[in-house]
Amino acid sequence: MEVVTQVEKIIRLENVDLNSLLGFNDLNLKTLESRFSAIITVRGDQVYIKGIQEEIEVIEKVFHEMIFVLNTSGKLNEIDVKTIIDLTIEGKEIVSNKEFENIILYTKKDVIKARTPTQEQYITAVQNNDICFAIGPAGTGKTYLAVAFAVASLKKGLVKKIILARPAVEAGESLGFLPGDFKEKIDPYLRPLFDALQDMMPGDQLRNHLEKSIIEIVPLAFMRGRTLHNAYVILDEAQNATTLQMKMFLTRLGPNSKAIITGDITQVDLPSKTQSGLIQVIEILKKVDGVEFVYFNKKDVVRHKLVKDIIEAYEDFNNEDNGENKTTKK
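All values reported here derive from a predicted model rather than from experimental measurement. (Residues numbered from 1 in each chain as written. Predicted model: local features only at pLDDT ≥ 70, side-chain atom pairs only at ≥ 80, totals over all residues. Heavy atoms only, no water.)

(A) Local environment of the sheet that holds strand β10 (residues 258-263). The strand order across the open sheet formed by six strands is β8-β7-β9-β10-β6-β11, and the pairing between neighbours is parallel. Whereas interior strands pair on both sides, the edge strands pair on one side only; in this sheet they are β8 (215-219) and β11 (291-295). Neighbour-to-neighbour, the strand axes of the sheet open up by a mean angle of 15°, direction not taken into account. By the bridge criterion, five bridges tie strand β6 (residues 131-135) to β10 in an arrangement that is parallel. Note that in β10 the partner of alanine 134 across the bridge is threonine 262. Against the sheet, helix α6 (residues 117-128) touches β6, β9 (231-235), β10 and β11, its axis set at about 170° to β11. Sheet strands in contact with helix α11 (residues 277-284) are β6, β10 and β11, and its direction is about 125° off that of β6. (Pairing = 2+ DSSP bridges. Helix = DSSP H or I, 4+ residues; strand = E, 2+ residues; numbered from the N terminus. Axes fitted to C-alpha atoms, helices over the stretch in contact; angles between N-to-C directions. Contact = heavy atoms within 4.5 Å.)

Written as structure tokens, this is what we have:
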């Protein structure tokens, strides 16, 4: 007589409204339990499954599919669950386990997830380190994914606030010549961060978080003198931070805080004699545990296809220009 070995597995239910997932009076959960012999117990955000290995694997996939459907459609009922179970048993997946692992945040419009191998590396680096640097050209998702990481952590209750900072450095324009008061002058520098937040949160919720300072969007200079506890801190356009500003930012972190620093070292707008703090910190922190650097390149561009071509064209132009300068010097 063949002995069937039973195993146990625990899975976490992340980025999801548990009440909607399990259904009114746990109807969705009961529907799932009725189709399998495994014992399924939900405690908080963890699911404990005990049964044979093959069945546990199917149940885990079903939960992934249920979360995906609920977060993308905004609803999940008994019929949906039955359909998901049937499709999963037949081997037809809406979202694969690999895709599910790469999902950072669900929004009403889309799923924010890794779309390139480097973005997958980015997810792993952020999960395993308290400080992560994302360095590379425009359009690779460095900042957008950083904001998604922060919003996801806030929704899960892992942090109590988000702080997004940018250096207020002119890129061909002078603050003094812009119209309005200081706030109006600084808004254009912070707008990209605000735009990302608008994609990820309902308008009312975002306004409420901003009013209560649960989310702050500030110029880098405003970070001086602060100690940030239970916070997710992002420094964007870090190539325009001076060496002193970079040190100041990195030493703001308090207990239970994480930081992501993003930038493009080929787009420094600082005065010619001022060293970029981002370029310097690569050498200073390269051997520090808990700090990881992720490097993006033109292959990771996820904006309009022309962005990648534009980056390549500029690289070719600069390479040709450098070659001519070397020839002239000779």
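Picking up after the structure, the text goes on.
(B) Structural context of the sheet that holds strand β2 (residues 39-43). The strand order β1-β3-β2 describes an open sheet built from three strands, whose pairing is antiparallel. The two strands at the open ends of the sheet, each matched to only one other strand, are β1 (7-12) and β2. Taken pair by pair, the neighbouring strands of this sheet meet at an average axis angle of 15°, ignoring direction. Judged from the six bridges that link them, β1 and strand β3 (residues 46-51) form a sheet pairing that is antiparallel. Looking at β3, one finds that lysine 9 is bridged to isoleucine 49. Across the sheet, helix α3 (residues 53-73) is in contact with β1, β2 and β3; its angle to β1 comes to roughly 10°.

(C) Spotlight on the side chain of lysine 142. Mapping lysine 142 onto the fold places it in helix α7 (residues 142-156). Of the buried charged residues, lysine 142 lacks a salt bridge, with aspartate 264 as the closest side chain of opposite charge at 5.9 Å. Engagement of the side chain of lysine 142 in a polar contact is seen with the backbone oxygen of proline 137, the distance being 3.0 Å. (Buried < 20%, exposed > 50% of the residue type's maximum accessible area, 1.4 Å probe, protein only. Lys, Arg positive; Asp, Glu negative; His and termini not counted. Salt bridge = Lys/Arg side-chain N within 4 Å of Asp/Glu carboxyl O. Polar contact = N/O pair within 3.5 Å; in protein donor to acceptor, adjacent residues only side chain to side chain.)

(D) Summary view of the confidence of the model for the chain. Looking at the chain, pLDDT values average 85 and 86% of them are 70 or higher. Confidence over residues 171-179 falls short of pLDDT 50; this stretch has eleven contacts with residues more than four positions distant or in other chains. (pLDDT = per-residue confidence, 0-100.)

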